Amino acid sequence: MSASLAAPPRRRLRLSWSDARLRGLVWQVLILGAVALLIWYLARTTAHNLATRHIATGFAFLDHAAPIPIGETLIDYTPSVSSYGRALLIGVLNTLKISIVGCLLATVLGTLIGIGRLAPNWLLARLCGAYVEGLRDIPLLLQLLFWYGLMQTLPAPRRALHPLAGVFLSNRGLRVPALAWRPGDGWVLAAFGIALLGAFLWARHAARRRDATGRGLPLWPAALLVLGLPAMVAIALGAVPGLDRPALHGFNFQGGLLISPEYAALLIGLVVYAASYIAEIVRSGILSVSTGQWEAAQALGLRRGAVLRLVVLPQALRVVVPPMTSQYLNLVKNSSLAVAIGYQDIVSIANTTLNQTGQAIEGIALIMAVYLTISLSISLFMNWYNVRIALVER
Amino acid sequence: MSASHSSSVERAPTLALGAPLSRAAFWLRSRLFATPVSAVVSLALLYLLLRWGWDFFGWAVLHAIWQVPHDAAGLPQTGVCRAAEGVGACWAVVAEKYRFILFGFYPYAQQWRPAICVLLFIGLYAASAQQRFWRRELALIWAVALVLIGALMWGGFAGLPLVADDQWGGLPITLILATFGLAGAFPLAVLAALGRRSRGMPAVRMLCVCYIELIRGVPLISLLFMASVMFPLFLPAGVDIDKLLRAQIAFVLFAGAYLAEVVRAGLQALPKGQSEAADALGLGYWQKTMLIVLPQALRQVIPMLVNTFIGFFKDTSLVLIIGIFDLTTTGRTAIDEPAWQGFGNEIYLLLAAIYFTFCFAMSRTSARLEHLFSRGQRR
């Protein structure tokens, strides 16, 4: 019998319903058969429906010209000239742009609020508590609609708010001065990169030496390197970086860096919402560090801030990382709500694409594939980080 | 007083100051003005709180417009509100539109029916949150109430006119999506969790893992899009499932995957001895699961289940994107009318208050149950 050949030490499969292995085998065959039958049936009906509606399947549409106007692009794009593939790539980049910035800001805000909720100051703790309780119980979509509505009530560009020199806030978004890009700047940027690498190596060397001898090295050479090297290159090339200031031309601003109202509303909404969850994670992480650790650190004469930074937070991090991973995943998935307020992320562009081309299955498969890839990457990265910071026991 | 004394003052003010501090003064000193930094933070927060609180009070109450006149044709004249924009809230939009926001396009004269349904839902939730109602009869009550809700909403008997479900809207839709979604997702979740933990059937385990991880890896919107544009392609010609049911199916699939992980956590937390003891008694798999394993495993995760349900309740608002008239969609539609454009904040505040009430009640329940269940572990 084949089962006994595959695993010789195992008991022989009896042809009786009272044999658990045979039962398991039969059930598995039945369940898998039912699922396969369902999939086959759905696939056949779908193929038939597509044929009667004259919809071609496949991803050939990715090469066709896409007449989708896109407001925010990180790479070159011309409507009706560039392909659907490029439009979708811009969608992916826009999703990444909001997700990465959102995760970073939400972590900072969430950590501050989580710590604030445990502050000895009663008013601060209560306000942070109200923030967490209040924002967690209101749907994110509603919050996004509110923030977007708020952006639209800002004055028109002609009467833009002007809080700082060169900064303009209007219903067309936030314009800030940007570094003007000139030919020599590539070298400055390269020098900056080299300086960062050097500083990193210096910091690692200093940490090793501290671990080995108990005496660290000063960190000011690293700071000097990061600031000095690019400045020296810039001066040597005679190219002191200039600013590209926004200015009003006609009905809108030109120049500078634009943060669109859609992006701003989505970013504020996502960060504020995710921070309320992250705050709770941070709080429970801090509470999980035993009181003895606080007391011991205080007995060493550390101040509250130093106790938090040097003793409690590093230990809390171990408890915090796994739930934090799922919050990052949630934030990335929640960024798909962009479609409700007109920020063109992958969902929004894929949705337009499938409406224009009728390629519903391919469009949705693309959306799912993109999110699965991002989710998997975040999971892998956070697992790696989790292993790295885990307590090393015997 | 010298600086060196100040620390002892904070610890025991009654001793250092001679005259005993009143309780309130002691509380203020220790909780708001313990250190100079704390005092500055307290004062700054107090200032902001009072200032913004007063501004909000002025906007929401003092300068608010509660009613607007109607012209001869019965159309609202929103000029008063426009004049007060930015200064005072226009609650007239709520007074004018609340029936639409709560019940959508349901025939106006028949709106007592969805109103009763909403009350039934709230009654069911309230009863289910009480431990003394946790008996077998509760399931029966749920079944009867859900059938009653369906009958009331559709009508078509005893002189009640038939109302097709594309005319339903507002709060009942939100509650229906959430409740029926959970009711459908829960059995699915239990099966998926059991399947994922089954050791004897690797193929079934793989199937469950694929389902759970695939659904948890993609946003709900993609599932809703799938429901609205892909499901029709799956069905043979002539068969048509309506939009609400398609969204409901997407919700069941979505919630099932998340609940499955919660149930799995409960299964993992159960000591192995329980199922071994059941085996020793000669119970079969289903007897063991239904009588020994699940009752204990689920009890363990009830607070987590409630938290998942809160998230799920909020997520029903996403059907806005595929054009189903739930509470968020009706609210948004109400301000599409030219006369009321620009009064979004008032409507959003109302919607936020409604969602908040439901979610806050649930999160309190969850905290209460957690407290209740941890009684055994506390000393």
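Everything that follows concerns the structure shown earlier in this document.
Residues numbered from 1 in each chain as written. Chains lettered and ligands numbered in written order. Predicted model: local features only at pLDDT ≥ 70, side-chain atom pairs only at ≥ 80, totals over all residues. Heavy atoms only, no water.

How do you make sense of the overall build of chain B when you look at a structure like this?
Within chain B, the regular secondary structure consists of 17 helices and 0 strands. Relative to the globule expectation of 21 Å for 379 residues, the C-alpha radius of gyration of chain B, 27 Å, shows a markedly less compact shape. The principal-axis extent of the C-alpha atoms belonging to chain B is close to 80 × 75 × 40 Å. Counting contacts in chain B only where the partners sit at least 6 residues apart, residues at least 24 apart contribute 71% of the total. (Helix = DSSP H or I, 4+ residues; strand = E, 2+ residues; numbered from the N terminus. Rg over C-alpha atoms; globule rule 2.2 N^0.38 Å. Contact = heavy atoms within 4.5 Å.)

Is there a simple way to think about the pattern of salt bridges in this case?
One side chain can pair with another of opposite charge once the charged atoms of both are near each other. A full pass over the atoms with the stated rule returns 11 salt bridges over all chains. Between Arg283(A) and Glu280(A) there is a salt bridge, with the nearest N and O atoms lying 3.2 Å from each other. You can see Arg283(A) and its partner Glu280(A) sitting in helix α8 (residues 261-288), 3 residues apart, about one turn around the helix. Residue classification places Arg283(A) among the partly exposed positions, given a relative accessible area of 24%. Note on Glu280(A): relative accessible area 16%, which makes it buried. The closest approach of N and O atoms between Arg264(B) and Glu261(B), which form a salt bridge, is 3.1 Å. One end of the pair is Arg264(B) and the other is Glu261(B), both in helix α12 (residues 243-269) and 3 residues apart, which spans about a single turn. Accessibility assignment for this pair places Arg264(B) and Glu261(B) in one class, buried. Beyond isolated ion pairs, a larger network of salt bridges with shared partners links Arg196(B), Glu213(B), Glu261(B) and Arg264(B). (Salt bridge = Lys/Arg side-chain N within 4 Å of Asp/Glu carboxyl O. Buried < 20%, exposed > 50% of the residue type's maximum accessible area, 1.4 Å probe, protein only.)

Where do I start with the side chain of Gln28(A) in this structure?
Among the secondary structure elements, Gln28(A) is positioned in helix α2 (residues 20-52). Apart from residues lying up to four places away in sequence, Gln28(A) is in contact with Gly33(A), Gly200(B), Met201(B), Pro202(B), Ala203(B) and Val204(B).

I'm lost on the sheet that holds strand β1 (residues 168-170) of chain A in this one. Help?
Paired through backbone hydrogen bonds, the strands of a sheet run either parallel or antiparallel to each other. Residues and elements named next belong to chain A. Strand order in the open sheet formed by 3 strands is β1-β2-β7, with antiparallel pairing between adjacent strands. Looking at which strands have only one partner, the edges of the open sheet turn out to be β1 and β7 (257-259). Recorded for the sheet is a direction-independent mean angle of 15° between the axes of neighbouring strands. As judged from the 3 bridges shared by β1 and strand β2 (residues 173-176), these two strands associate in the antiparallel manner. Residue pairing for β2: Leu169 is matched across the bridge by Leu174. (Pairing = 2+ DSSP bridges. Axes fitted to C-alpha atoms, helices over the stretch in contact; angles between N-to-C directions.)

Can you help me understand the packing of aromatic side chains in this one?
The way to describe two aromatic rings as a pair is by their centre distance and the angle between their planes. Under the counting rule described, the total for this entry stands at 26 aromatic pairs over all chains. Considering the side-chain rings of Phe381(A) and Trp384(A), the 5.7 Å spacing of their centres and the 35° angle between planes classify their relative orientation as tilted. Placement of the pair is Phe381(A) and Trp384(A) together in helix α13 (residues 360-389), with a separation of 3 residues, close to one helical turn. The partly exposed category is assigned to Phe381(A), whose relative accessible area is 47%. Taken together, Phe121(B), Tyr125(B), Trp142(B), Phe251(B), Phe309(B) and Phe312(B) form an aromatic cluster joined through their ring pairs. Over the face of the ring belonging to Tyr263(A) we find Lys97(A), whose NZ or CZ atom lies 5.0 Å from the ring centre. Between the NZ or CZ atom of Arg216(B) and the centre of the ring of Tyr258(B), over which it lies, the distance is 5.6 Å. (Phe/Tyr/Trp six-rings, centres within 6.5 Å; stacked < 30°, edge-to-face > 60°. Lys NZ or Arg CZ within 6 Å of the ring centre and 35° of its normal.)

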